[in-house]
Amino acid sequence: MSVSVRRALPADAAAIAAIAEKTFGEPFDRDRIAGLLKSGRGCSLVALDARGILAFADNFITVSETGTQRLELDLLAVDPKARGMGIGRRLIAESLLLARELDAPLSRALVRSENLVMRRLCASCGFAISERNYDLYVASPGLGSNASLDIDGTHLVPVETLAYSGIWIEGGLTRAGVLRALSVAAAQQLQRVGALVAKSDRAPVQLLADNGFQLLGTYNWWTLKLKNG
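This structure is a prediction, so every number in the text was calculated from the model and none was measured.

Some points on the packing of aromatic side chains
- If you walk through the whole model with that rule in mind, you get 2 aromatic pairs.
- A centroid spacing of 6.2 Å and a plane angle of 35° characterise the contact between Phe24 and Phe28, whose relative ring orientation is tilted.
- The exposure class of Phe24 is partly exposed, given its relative accessible area of 32%.
- Residue Phe28 is classed as buried on the basis of its relative accessible area of 9%.
- The ring of Trp221 carries the charged tip of Arg108 above its face, separated from the ring centre by 3.8 Å.

Now the structure itself:
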């Protein structure tokens, strides 16, 4: 049966949520997914055949501190009945085509270290793994007032995924930067603030712990530089 790939539509929200829940074992908000897809802010793709949606890839654009656009491959899930058909690899390939259309010179995925399936997929699609392992810490924001984003050498990246809205902390981890991220997230009613700490650099861990961050797991960046044009 022929499989095609297209941009995700609001009407796909229930099928996407169902596949995500089977894959990741946690609930996904169908209304949130539909609203995000309706807004057009993401770049999510679905794979489907005559039976319906078989898989999805949640992609979105972020901007680095130097202004470089990056296509983030955030979530990829294939319905159990459709696994082993090469659909995951197809979705990554289509995501890379989309990155080129959007003039993003870099695509990357933050992959949990024990996720062997995604690691193999990234490697087979030409992504390179980071030399370092990173611990991912996350927090839910408390009360705070709105403020500008970047501060004191810390780059704050707004993100909106199919699972949550939040802020990623990049660059130098400082107390002022962490507090600013939590404040902005609270003011904008975002669900999550995240920060990566290299496993070889333990100094920032206490700073994050003091501000309510908890360890989510160990991850690697997988990156691919793209030739656009």
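On we go from here.
Structural notes on helix 3 (residues 87-101)
- Spanning 15 residues, helix 3 covers 21 Å between terminal C-alpha atoms, matching the ideal 21 Å at 1.5 Å per step.
- Listed as buried for helix 3 are Ile87, Gly88, Leu91, Ile92, Ser95, Leu96, Leu98 and Ala99.

A short note on the side chain of Thr62
- Mapped onto the elements, Thr62 comes out in strand 3 (residues 52-63).
- Of the residues examined, Thr62 reaches a relative accessible area of 2% and is grouped as buried.
- A distance of 2.5 Å separates a polar atom in the side chain of Thr62 from a polar atom in the side chain of Glu72.
- Non-local contacts of Thr62, meaning those with residues more than four positions away in its chain, are made with Thr68, Gln69, Arg70, Glu72, Arg108, Val157, Val159 and Trp168.

So, the pairing of strand 4 (residues 69-78)
- Burial analysis of strand 4 places 8 of its 10 residues in the buried class, the great majority of the element.
- Two elements, strand 3 and strand 4, share 9 bridges in a ladder whose sense is antiparallel. Each residue of the ladder has a partner; that of Phe56, found in strand 4, is Ala77.
- In sequence, strand 3 turns back onto strand 4 through a hairpin of 5 residues, with Gly67 there showing a positive phi of about 95°.
- Sheet topology note: the strand 4/strand 5 (residues 106-112) ladder contains 3 bridges and is parallel. Counterpart to Glu72 in the pairing with strand 5 is Arg108.
- In this fold, strand 4 hands off to helix 3, which returns the chain to strand 5; that crossover is right-handed.

A look at helix 2 (residues 30-39)
- All of the buried residues in helix 2 are Arg32, Ile33, Leu36 and Leu37. For helix 2, the buried positions fall inside an angular range of 130° around the axis, keeping them on one side. Exposed and oriented more than 90 degrees from the buried face of helix 2 are Asp31 and Lys38.
- Looking at the buried side of helix 2, the elements it contacts are helix 1 (13-24), strand 8 (154-160) and strand 9 (165-171).

Structural notes on the nonpolar core
- Of all hydrophobic cores here, the largest spans 30 residues; its most connected members are Leu76, Ile87, Leu91, Ile92, Met118 and Phe127.
- Those elements that place two or more of their residues in this core are strand 2 (45-49), strand 3, strand 4, helix 3, strand 5, helix 4 (116-124) and strand 11 (214-225).
- Sort the elements by how many residues they give to this core and helix 3 lands first, with 6 residues.
- Those residues within four positions of Ile92 in sequence are excluded, and the remaining contacts are Leu73, Leu76, Met118, Leu121, Cys125 and Phe127.
- One finds Ala139, Val184, Ala195 and Leu207 within the second-largest nonpolar core, a separate group that totals 18 residues.

Here we look at the pattern of salt bridges
- Enumeration according to the criterion identifies 12 salt bridges in this entry.
- We note a salt bridge from Glu21 to Arg30, for which the minimum N-O separation is 3.0 Å.
- For Glu21, a relative accessible area of 24% corresponds to the partly exposed category.
- A cluster of three or more residues bridged by salt bridges with shared partners is formed by Arg70, Glu72, Arg108 and Glu170.

Rules behind the numbers
- Residues numbered from 1 in each chain as written.
- Predicted model: local features only at pLDDT ≥ 70, side-chain atom pairs only at ≥ 80, totals over all residues.
- Heavy atoms only, no water.
- Phe/Tyr/Trp six-rings, centres within 6.5 Å; stacked < 30°, edge-to-face > 60°.
- Buried < 20%, exposed > 50% of the residue type's maximum accessible area, 1.4 Å probe, protein only.
- Lys NZ or Arg CZ within 6 Å of the ring centre and 35° of its normal.
- Helix = DSSP H or I, 4+ residues; strand = E, 2+ residues; numbered from the N terminus.
- Expected span 1.5 Å × (residues − 1).
- Polar contact = N/O pair within 3.5 Å; in protein donor to acceptor, adjacent residues only side chain to side chain.
- Contact = heavy atoms within 4.5 Å.
- Pairing = 2+ DSSP bridges.
- Right-handed = clockwise from strand over helix to strand, strands pointing away.
- Arc of directions from axis to C-beta.
- Core = buried A, V, L, I, M, F, W, Y, C linked by side-chain atoms within 4.5 Å.
- Salt bridge = Lys/Arg side-chain N within 4 Å of Asp/Glu carboxyl O.

Honestly, it's all geometry; don't read function into it.
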